[in-house]
Structures are given as C-alpha cells and as structure tokens.
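Coordinates in review
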Amino acid sequence: MTRTHCPYCSLQCGMSLASGRGGRTLEVLAWPEFPVNEGALCRKGWTATGLRGHRERLTTPLLRDRATGELRTVSWDDALDHVAARLTTIQEQHGNDAVAVFGGGGLTNEKAYLLGKLARVALGTSRIDYNGRWCMSSAASAGNQAFGVDRGLPFPLADVEQTDVLVLVGSNLAETMPPAARHLDRLRERGGKVVVIDPRRTPTADRADLFLQPVPGTDLPLALGILHLLGAAGAVDEDYVATRTTGFDDVRRSVASWWPERVERVSGVEATELRTLADLLSSAEKVTVLTARGAEQHSEGTATVLAWINVALALGMCGKPSAGYGCLTGQGNGQGGREHGQKSDQLPGYRMIDDPAARDHVARVWGVEPASLPGKGLSAYELLDALGTEGGPRAMLVHASNIVVSAPNAVHVADRLAALDLLVVADVVMSETAAMADVVLPVTQWAEETGTMTNLEGRVILRQQAVAPPEGVRSDLDVIAGLAARLGSTAAFPTDPEEAFAELALASAGGRADYAGITYDRIREEHGVFWPCPDAEHPGTPRLFADSFATADGRARFVAVESVGAAEQPDDDYPVHLTTGRVLAQYQSGAQTRRIADLPDDGPFVELHPLLASRIGARDGEPVVVTTRRGELKAPCRVVTTIRPDTVFVPFHWVGANRLTHDALDPSSRMPAFKVCAAAVRS
Ligand SMILES: Nc1nc2c(c(=O)[nH]1)N[C@H]1C(S)=C(S)[C@@H](COP(=O)(O)OP(=O)(O)OC[C@H]3O[C@@H](n4cnc5c(=O)[nH]c(N)nc54)[C@H](O)[C@@H]3O)O[C@H]1N2
Ligand SMILES: Nc1nc2c(c(=O)[nH]1)N[C@H]1C(S)=C(S)[C@@H](COP(=O)(O)OP(=O)(O)OC[C@H]3O[C@@H](n4cnc5c(=O)[nH]c(N)nc54)[C@H](O)[C@@H]3O)O[C@H]1N2
Ligand code: SF4
Ligand SMILES: [Mo]
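Residues numbered from 1 in each chain as written. Chains lettered and ligands numbered in written order. Predicted model: local features only at pLDDT ≥ 70, side-chain atom pairs only at ≥ 80, totals over all residues. Heavy atoms only, no water.

Looking only at helices and strands, the chain features 22 helices and 28 strands. Taken over the C-alpha trace, the chain has a radius of gyration of 24 Å; the compact-globule value for 683 residues is 26 Å, and the two agree within 12%. Dimensions of the chain along its principal axes, counting C-alpha atoms only, are 70 × 65 × 55 Å. Burial status across the chain gives 65% buried among its 683 residues. Here the analysis covers contacts within the chain between residues at least 6 apart in sequence; of these, 74% occur between residues at least 24 apart. Accessible area for the chain stands at about 23,000 Å²; split by element, carbon and sulfur atoms hold 48% of it. (Helix = DSSP H or I, 4+ residues; strand = E, 2+ residues; numbered from the N terminus. Rg over C-alpha atoms; globule rule 2.2 N^0.38 Å. Buried < 20%, exposed > 50% of the residue type's maximum accessible area, 1.4 Å probe, protein only. Contact = heavy atoms within 4.5 Å. Areas by Shrake-Rupley, 256 points an atom, 1.4 Å probe, with all protein chains shown as cover.)

Okay, here's the thing in structure tokens:
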C-alpha cells in the first residue's frame, strides 16, 4: 500500500494505491487521515489508474521520418542524440533564444525546477514559459501587487468552514474540486452564507444562499459597485485600513462613480441584488472572497482580482482568522509549478529573474556566472505566437501541456507549431500536440514515479511511486538530464527526485517561496508542509498575514483599478457572449481523461438558454454552429435554463472551444481572455 496523491487538480487529494499480482493491478483506495479530502475523491480520482497499461500509452521514443512523414520507433539514445544535435545546430545558426521550452503546472516541483535550469543553464535561452500562465497568473499578479506574495490560499482550505460569508467569484468547485464542496455544506450547517457569482447556475451555485448571474467579463464593475456600497454604508474597517494598508484614498475615489444602477447596466446584475450582497458583507464579522478562473481569465483579470482584494481589505479581512482573500489554483502543481523557475520572469524560490541578488543566489547554487543567466522571456501565448517567425524560436521542447487543444486562438497556434524546424513533445499519451511533433518522448506518470507537488493551500506534499513504469518509458528528469549532458552542460541535473528536491530547497532558500526546511521525511510525517519553511526547525506556515504582509513596509496595498470592459464586445455580427470552462468528468485538454474508459467522453457541446435556442430554431441535442472571428465549431447543443440567455458555454476538454477563443491578453499577467469573447450561434 502506497500513500500518494491524485494525478489531477490542485486539491491533490490523498489516496492509497494498492498494487497486486506482482504490480499488474493497481487499485485506488481512500486515505481518510489526509486532511484536505478526508478520504473523499471525485470520479476522476477513483478512475485515475485507467491510463496504466492503456493501449494508447506511449512506450517508445518516436522520430518523424523525413521521407515518409511518419513517426517511427527509435532508441532513447538515438532520440536524445538527434534532439541535442538539432538544438545545437539551431542555436549556432540563430542564437540561444531560437530554442523555446514550454512546461506545465502538472509537473512535480523537481521537474519544473530542472526544466527551468535546463533552459537557463544548458540551453541559455530566455524563452521558457508554461501553461500556468493560462491558469492563475492574474491572481498571482494581483497577489504580488497587493500582498507582496503569491500563494493561492494564504490559509488551509478548511478554514472557509468557519467564515460567515463566503463569496465565490467564478468558481465551480462542486465540479472542479468536488471534495471541497463539503466545506460549503458545513459552512451552511453552521449558519454561514455562501454567495456564488457565475453566468451559469452551476452545481456550486445550487449550494448558494445568494446567486448573482452577471454578463461574462463584468466581475470587475461588480466589485467596484460593491466597494462603492460598502463605503456608502460606513462598512469600511477604518482602523484596519489605517494600520494595515496603504492606498485606500485612491480606491475610495475610484469607486465613487460605480453606483449600483450603473453596475446593473454593465453587468446585468440588478441593483437590488448588489445591495443584498453589500448588506450581507457589511453585517458579517468574517468574510472570505475566493476567485477562480471565471473571474481571472480575462483581459482585465488582474484588475478584477485586485478589485475583489480591495473589497476584502476594506472590510478588514485579510490576516484575520477564517477570513480574507484567496485564489483557487487549478492544476495539480499549479502553485509549485510557478515557484521554481518555469515562468519566463522567475527563478526558483519565486525570485524575479531581473533582480541582481536573486540571480547571484541562484547562479551560486547552479555553479555558473550570474551574467550567464538569460533575462526575462516571453509569456506563454506570446511565445507561441512568435514560433517560426523572424527572430522567434525555431525549436521547442514541450513537457506536460497539450497546447493544440488548450491554447487560445488554437488554429493560429497550430499554424505556429507547424512552422517550427523542430517540435519535441514529452508526454504519456499521443496528445494532439504530440501528434504534431518531430520527436515524441514517452514519460512516466504519477504512480510510476516519486516527486513533490504544492497544492492550492501552499502545502508541499509527496507523491510516492507505487508501481514500476512500463518498459521503455523514462521520467522527465531522465529526459532533462540526458539532454543537458548531450548539450555539454557540466551543471548537476539529478535524476533522483529526492536529490533534485534537496537542490531545489537550497535554490529557494531566502526566496519568497522558501522550501529550505522541507524534506521528504518531514512531508511524510506531517501530511505536507506549508511554505515558507526556511529551516528544519521551522513548523511551516499554514496561515499568512496575521501580523504583516510580505510587502516592504509590511502593509497590504490597495491598488485603484478601472474597468474598460472585455476586449471583444458583442455586435450585430457576433451578438452573444461565449464563455468556456470545465465539466466534472473530464480534465483539461482531455489527453488523459478522454482515454479513461470509465469516464464519459461525449465530445464538446454548446450550452444555451431556451430563449436563445428558440430564436435560432435549435432543439436540445441537435447540432448548432458557433462562430467567432477566429473560427467555427459545430456541436450538439444542450438547452438549459441555468445559463444567461445572452451567453453560450463550451467546455474546452475537446478540440473546438479554443478555435473560437480570443487571444487578447491581460496587460500585467498576460492571461488570455478564455472566459469571454463575441460569438454568433446558428442551428
Ligand atoms: N473536472 C475538472 N476539474 C478541474 C479541472 C478540469 O479540467 N476538470 N481543471 C483544474 C484546473 S487547471 C483549474 S484552473 C480549475 C478551474 O476551476 P474553475 O475556475 O472552477 O473552473 P471553470 O469551469 O474554468 O470556471 C468556473 C466557472 O466560471 C464561470 N464563468 C465563466 N465566465 C465567467 C465570468 O466572466 N465571471 C464569472 N464570475 N464566472 C464566469 C463558468 O461558468 C464556470 O462555471 O479546475 C481544476 N479542476
Ligand atoms: N477555452 C479555455 N481554454 C483553457 C482554459 C479554459 O478555461 N478555457 N483553461 C486553461 C487552464 S486553467 C489550463 S491549466 C490549461 C491546461 O491545458 P493543458 O496544458 O493542455 O493541460 P493538460 O491537458 O493537463 O495537459 C497536460 C499534458 O501533459 C501530459 N502529462 C501528464 N503528466 C505528465 C508528466 O509528468 N510529464 C509530461 N511530460 N507530460 C505529462 C498529459 O498527458 C497531457 O497531454 O488550459 C487552459 N485553456
Ligand atoms: S478533486 Fe482533484 S485531486 Fe481530488 S480526486 Fe478529483 S481531480 Fe483528484
Ligand atoms: Mo488551470
């Protein structure tokens, strides 16, 4: 029996794996003592072993034959020799930045750390970024500005049970983190209130005492309107604002013109509902605001999060027990993945790459000259947009992202990928992106390897190996080390995860996300350790901000923000709002879950309201066509009364949704506007 954690989302539910018949069978069992999920798992967790031994599992490296265009089997040595030789030639001809690296928030901390080191040390390229940019980067950017640190939840998730009012802005956690929904039930049993803000009445909204249904992309005006009402009601905690924050005067002025009727015109949320929410917040002792992708994946995502943080700060909540603001991070290692150097502007320990002291520290750990470390690179979408262009990357290594399905404006992105001289994809299955690659490298997955992940609470946990990998398959750590050696790097690239973690801990020491005091043994004993944990005696930090914030003066910063609206607004040609998101039984691009026999894989669908359906003459279950300025999708419609009549929803787990989405980026986080664009729909 091996204690480990689910391969999917950021809850990182604890589970036990029982291997039988000499490793031929593997069964998921509950691990009731692990506090985050208390033995509960969602359907994806219970069925997670379904990819093991799957006939579509990759088990041998593949190289595209120039003559036939087909992928053919090659040995590991031939594959890695070929990749290293091509990368070297491309860099000799076009410079170091001609090679790009694209990582993923599903990678363990050890992999993310060494992938960043591969880029900065062995390849000397600035061009590394990852799919986490599309996930929580707006909340990260806002958290850094307001609190001086970016940890999704600055408190354990279970704390929300003890709050009085919980506001969920753009989170459908009943379907995206099902075991977390029990906190909502317990909160309500205690007499607390749940508020859900979503253009769709989701299973999460079904648990709400108050449900607001705004036009997609209007959470920012909504927050400005709430703050306006709180000010007018005298509900601002002036003592807290005076002693623990700076910048409120600008914010107070900036919300003066956001009276409820103006917010109603923009957001479609009635002024009376806004007042109800403001009253609820004014009278509560403890308020917790949580944002997720619905609020964040917008061209104004960072400003939106800042505006909701301003609401929490004005009420005096951040740092108070069972209250405050948090972001529900998404991928398994969405949190750790952004702390150890696969983001274009960061070095390990959440250090900034343009900070000379940070460069000195990390260069010393790596045994290189600080000046040899490249500077800041391009953000994920900008990187993809530059592929194969003049001065852009000519080769790219992809570890743990299925870009062809999950990138915005995906038809364009697939064109850019096709323009590369060399695309290398390391994956466990033949994803849509791997299918485009010149070299495919088959890697181990979760139960077959050991490594740490950092869950949405900042809790560093250990996924332990339960079974041997299939023959022919290697870990990403082996791939990284194998390439680094062939590229002539003399730096250390450990393939043992525990050794890699020890180096990561050193590199992170003194940084914002300090792991220096964390070891595998401690994690095993303590059900995970919360960062920052600077030394072996330190207990770890489940709760941040009780006494001070991570800013220079220890105060939280109010940042005044304005709303200019979504980048693309409906017009006569494209009259409805398109939004996208998730369903319970599928995960992300679906590369893994679409192949699991016990999960329904019924393809993309278009959710729309009966009023819209009758206007276009569509009937439930029949195909409709959604078009945007980027592309078109034909899929069966689901006619539901739970969505706004002016909005359609498409899940992104299948090829299709992202042919439609817009590539407008948030100016600060570079987050794409996945959650709203203008569309037309016809039957
Ligand atoms: N089943 C499942 N669970 C997952 C994942 C998965 O793929 N499948 N992925 C994991 C990952 S990486 C992530 S990031 C999380 C995401 O977790 P969530 O953020 O909960 O998931 P989404 O479905 O993307 O978006 C949440 C809600 O936002 C709403 N929404 C759309 N536009 C807007 C808007 O403008 N404003 C507001 N307020 N709401 C809006 C949608 O209707 C949707 O119900 O889930 C994680 N868990
Ligand atoms: N329209 C729309 N698009 C979206 C979103 C949305 O809400 N709407 N959400 C965005 C968000 S929040 C996210 S997080 C992204 C996610 O989108 P993707 O980056 O595509 O995420 P996954 O499908 O998880 O892709 C992970 C890939 O890595 C493989 N893999 C799994 N484990 C490993 C490993 O250890 N090593 C290697 N090398 N490979 C591995 C899997 O088989 C899979 O092919 O999508 C974004 N795209
Ligand atoms: S909620 Fe997330 S971590 Fe938990 S079992 Fe489901 S997918 Fe896995
Ligand atoms: Mo995500």
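Here the narrative resumes, following the displayed structure.
Around ligand 1 lies a shell of 32 residues, among which Asp198, Asp219, Arg582, Gln586 and Gln588 are the nearest. Between ligand 1 and Asn172 there is a distance of 2.8 Å, counted from an oxygen atom to a backbone nitrogen or oxygen. A distance of 2.9 Å is found between an oxygen atom of ligand 1 and a side-chain nitrogen or oxygen belonging to Lys675. Looking at the shell around ligand 1, the elements with two or more residues in it are α5 (173–176), α12 (293–296) and β23 (576–581). (Near = heavy atom within 4 Å. Polar contact = N/O pair within 3.5 Å; in protein donor to acceptor, adjacent residues only side chain to side chain.)

Further remarks concern the packing of helix α10 (residues 260–267) against helix α11 (residues 271–283). Where α10 contacts α11, the axes come no closer than 8 Å and their chain directions differ by 115°. The two elements α10 and α11 cross, and the hand of that crossing is right-handed. In this structure, α10 uses Pro260, Glu261, Val263 and Glu264 to contact α11, whose residues at the interface are Ala271, Leu274 and Arg275. Class assignment for the residues of the contact of α10 with α11 results in four nonpolar, no polar and three charged. (Axes fitted to C-alpha atoms, helices over the stretch in contact; angles between N-to-C directions. Left-handed = near helix turned anticlockwise from the far one by under 90°. Nonpolar A, V, L, I, M, F, W, Y, C, P; charged D, E, K, R; others polar.)

As a further point, take the nonpolar core. Ranked by size, the top nonpolar core spans 174 residues in total, and within it Leu118, Phe147, Leu281, Trp308, Tyr325 and Leu328 carry the most contacts. Per-element accounting of this core gives the leading share, 10 residues, to helix α13 (residues 301–314). Beyond its immediate chain neighbours, meaning those up to four positions away, Leu118 contacts Leu123, Leu397, Ile480, Leu483, Ala484 and Phe493. In this structure, Leu62, Leu384, Val425 and Ala437 belong to the second largest nonpolar core, which totals 25 residues. (Core = buried A, V, L, I, M, F, W, Y, C linked by side-chain atoms within 4.5 Å.)

What the domain assignment reports for the chain is domain 1 (2–51), domain 2 (62–134 + 337–530), domain 3 (137–328) and domain 4 (576–682). Inter-centroid distance (C-alpha atoms) of domain 1 to domain 4 is 30 Å. Of the residues lining the interface, eight residues belong to domain 1; the matching set on domain 4 comes to 11 residues. Interface area for domain 1 against domain 4, summed over the two sides, is near 910 Å², with a carbon-plus-sulfur share of 72%. When the buried area of domain 1 at its contact with domain 4 is split by residue, Tyr8, Arg43 and Lys44 rank highest and sum to 57% of it. Summed over the shared surface of domain 1 and domain 4, the result is zero salt bridges. (Domains from an automatic or database assignment. Buried area = accessible area lost by both parts, 1.4 Å probe. Salt bridge = Lys/Arg side-chain N within 4 Å of Asp/Glu carboxyl O.)

Now for the site of ligand 2. Lining the immediate environment of ligand 2, one finds 31 residues, of which Asn131, Ser401, Ser406, Asp427 and Ser589 sit closest. At a separation of 3.2 Å, an oxygen atom of ligand 2 approaches a polar side-chain atom of Arg582. At 2.8 Å, a side-chain N or O of Asn658 approaches a nitrogen atom of ligand 2. About the coverage of ligand 2: the protein hides 96% of its 910 Å² of free accessible area. Of the residues in the shell around ligand 2, the class split is 12 nonpolar, 14 polar and five charged. Residues from two domains meet in the shell around ligand 2; each of domain 2 (62–134 + 337–530) and domain 4 (576–682) gives at least three.

Strand pairing in a sheet takes place through backbone hydrogen bonds and is either antiparallel or parallel in direction. With antiparallel pairing, three strands are arranged side by side in an open sheet as β1-β2-β3. Edge positions in the sheet fall to β1 (2–5) and β3 (25–30), since each of these pairs with one other strand and no more. Neighbour-to-neighbour, the strand axes of the sheet open up by a mean angle of 40°, direction not taken into account. Examined bridge by bridge, strand β2 (residues 14–20) and β3 share six bridges and lie antiparallel to one another. If you follow Ser16 over to β3, its bridge partner there is Leu29. (Pairing = 2+ DSSP bridges.)

To continue, consider unusual backbone geometry. With an omega of -5°, the peptide bond between Trp531 and Pro532 qualifies as cis. Counting through the fold element by element, Pro532 comes out in the loop between β21 (529–530) and β22 (556–557). Non-glycine residue Gln12 carries a positive phi angle of around 50°. Relative to the helices and strands, Gln12 resides in the loop between β1 and β2. Unusually for a residue other than glycine, Gln588 sits at a positive phi of about 55°.

On to helix α17 (residues 410–418), then. The set of residues buried in α17 consists of Ala410, Val413, Ala414, Arg416 and Leu417. All buried residues of α17 project into a common sector of 160° when viewed along the axis, lining one side. Those residues of α17 that are buried are in contact with α15 (380–386), β16 (395–399), α16 (403–406), β17 (422–427) and α22 (657–660). (Arc of directions from axis to C-beta.)

Among the residues making up helix α6 (residues 181–189), those that are buried are Ala181, Arg182, His183, Leu184 and Leu187. In the core, the buried residues of α6 are packed alongside β8 (165–169), α5 and β9 (193–197).

One open sheet holds the three strands; their spatial order is β19-β20-β21, and the pairing between them is antiparallel. In this open sheet, the two edge strands, each paired with only one partner strand, are β19 (451–454) and β21. Where helix α3 (residues 109–123) meets the sheet, its contacts fall on β19 and β20 (459–463), and the angle it forms with β19 comes to roughly 95°.

Along strand β18 (residues 439–442), one buried face is formed by Val439 and Leu441 and the opposite face, lined by Val440 and Pro442, is buried too. Pairing geometry for strand β4 (residues 62–64) and β18, over two bridges, is antiparallel. Considered in β18, the bridge of Leu62 is made with Val440. Pairing analysis gives four bridges linking β17 to β18, with the strands arranged parallel. When the sheet's bridge partners are listed, Val424 is paired in β18 with Val439.

So, about the side chain of Ser379. Mapped onto the elements of the fold, Ser379 is located in the loop between α14 (356–366) and α15. The exposure class of Ser379 is buried, given its relative accessible area of 3%. Setting aside chain neighbours within four positions, we find Ser379 in contact with Asp129, Arg133, Ser344, Leu665 and Arg670.

As a further point, take the packing of aromatic side chains. With the rule as written, the count across this model stands at 12 aromatic pairs. Seen from their ring centres, Tyr8 and Tyr587 are 5.1 Å apart, and the 45° between their planes marks the pair as tilted. Of this pair, Tyr8 sits in the loop between β1 and β2 while Tyr587 sits in the loop between β23 and β24 (606–608), placing them 579 residues apart in sequence. Tyr587 gets classed as buried once you look at its relative accessible area, which sits at 12%. Centre to centre, the rings of Phe102 and Trp134 are 5.6 Å apart; their planes meet at 45°, and the pair counts as tilted. Linking Phe102 in strand β6 (residues 99–103) with Trp134 in the loop between β7 (128–130) and α4 (137–147), this pair joins segments that are 32 residues apart in sequence. Phe102 sits in the buried class, given a relative accessible area of 0%. By relative accessible area, Trp134 is classed as buried at 5%. Above the plane of the ring of Phe493 lies Lys117, whose end atom (NZ or CZ) is 5.2 Å from the centre. Over the aromatic face of Phe605 sits the side chain of Arg638, whose NZ or CZ is 3.6 Å from the ring centroid. (Phe/Tyr/Trp six-rings, centres within 6.5 Å; stacked < 30°, edge-to-face > 60°. Lys NZ or Arg CZ within 6 Å of the ring centre and 35° of its normal.)

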